[in-house]
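Structure assessment
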Amino acid sequence: LWKAFVGRIHERLQALGVKRVLLMPQGDTNLVPLHAAWREVDGVRRYFMDDYTITYAPSMAALATARRKSKSGEGALVAGVSQYTRMNDLPNTRAEAESIATLFGTSALLDNAASVEAVRTGVAGKAYVHLSSHGGFGWGGDAFASALYLGNDEVLALPEIMAKLDLSATRLVVLSACETGIVDFDNVPDEFVGLPAGFMQAGASAVVSSLWTVEDRSTALLMERMYNNLRRETPLEPAEALREAQFWLRNATAGEIGAYYQSHLVPRMAQSEAANAYVEVLRRAKPDEKPYAHPFYWAPFILMGNWL
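Bear in mind that the values here come from a model prediction, so they are computed numbers and not experimental data. Along each chain, the written sequence defines residue order, and numbers are assigned to residues from 1. Restriction of local features to residues with pLDDT of at least 70 applies here, the model being predicted, together with a cutoff of 80 or more for giving and counting side-chain atom pairs; totals for whole chains, interfaces and linings are based on all residues. Excluded from the side-chain calculation are hydrogens and water; included are all heavy atoms of the structure.

Helix and strand content of the protein chain: 11 helices and 13 strands. Note on exposure labels: buried denotes an accessible area under 20% of the residue type's maximum, exposed denotes more than 50%, and partly exposed covers the range between, all computed with a 1.4 Å probe on protein chains only. Counting only residues that meet the buried cut, the protein chain has 56% of its 308 residues in that class. Within the protein chain, contacts between residues separated by at least 24 positions form 76% of all contacts whose residues are at least 6 apart in sequence. Elements are defined by DSSP. Helices are runs of H or I of four residues or more, strands are runs of E of two residues or more, and each kind is numbered from the N terminus. Residues are treated as being in contact if the distance between any of their heavy atoms lies within 4.5 Å.

In this section: the environment of Pro196. Looking at the secondary structure, you find Pro196 in helix α6 (residues 195-201). The class for Pro196 is buried, based on a relative accessible area of 0%. Between the alpha carbons of Pro196 and Val174 there is a distance of 9.6 Å; along the sequence they are 22 residues apart.

A few words on the confidence of the model for the protein chain. With 86% of its residues at a pLDDT of at least 70, the protein chain reaches an overall mean of 86. In predicted models, pLDDT denotes the confidence assigned by the predictor to each residue on a 0 to 100 scale. Mean pLDDT across the elements of the protein chain ranges from a minimum in helix α10 (residues 271-284), with 65, to a maximum in helix α4 (residues 116-122), with 97.

This brings us to the packing of aromatic side chains. Ring pairs shown here join Phe, Tyr and Trp side chains whose ring centres sit within 6.5 Å, with only the six-membered ring taken for Trp; geometry is labelled stacked below 30 degrees between planes, edge-to-face above 60, and tilted in between. If you walk through the whole model with that rule in mind, you get seven aromatic pairs. Ring centres of Tyr47 and Trp298 lie 4.9 Å apart, and the angle between their planes is 85 degrees; this geometry places the pair in the edge-to-face category. Here Trp298 lies in helix α11 (residues 295-298) and Tyr47 lies in strand β3 (residues 44-47), a separation of 251 residues in the sequence. With a relative accessible area of 0%, Trp298 lands in the buried category. Ring plane angle 80 degrees and centroid distance 5.8 Å describe the contact between Phe104 and Tyr227, whose orientation is recorded as edge-to-face.

Bringing unusual backbone geometry into the picture now. Unusually for a residue other than glycine, Asp42 sits at a positive phi of about 55 degrees. Tracing the chain through its elements places Asp42 in the loop between β2 (38-41) and β3. For Asp42, a relative accessible area of 79% corresponds to the exposed category. One non-glycine residue, Asp153, lies in positive phi territory at about 60 degrees.

Take a look at the structure:
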């Protein structure tokens, strides 16, 4: 990617002194993480996002809609589904949702309680909406079949998101699920169609979504870190909060991740769950190694929409 065209973009941005970049990919470039394009500097990989705060937009129309906010919400709706009948379970989703809900002083909708109806009625007036579950893009020519799979295996499909969710007060929607950031790249007139555009057209200012099937454990760490950045004493804006969380996950050693479980996730996460999570991390790497350095773990999530 760097050699093909991102390197030339970088040279021009450096000449202009630009630090913030809005990318609007077209066609099949929607499928690749442009922010993770890299070159070697002094023998070390340096990624495009190391030099810029990068956001994406599916289309100018969707971006314009996201910027027309009539009101600001309060609090958060947090939902996490870990148990499924027809799909594999997501063992880390429950702890992720509970930890994030605690940061907002609320209770998470978990498993069967995270029904389509509960989410539909619960998002109204909320500043943040976090949905941790299975998700998928509507492959096979039907982008409108893109959906999240909530409690009781209920399907929250793109048409219902656009028609029935009131996100007019929502600052940020986070889709902590697989393939939620992919848009239709085969049909050029409809290339904005996908879950992010759907949530933005429902009123959300910005949406965090994923470009591929993500790993459960690393995603939970990334999300918890991002929300800590959003909720700290001097909060970061969403784009910067995600970027810092990606840097942290990419560079953290197994030992540092263990310390993070102890200092940040306990008591929001049960001591036994934190210990088991750390054991899983140690199976991947020695204490001084970086188990999530590969872009597969930290690069799938992107922010689409308004800067703030």
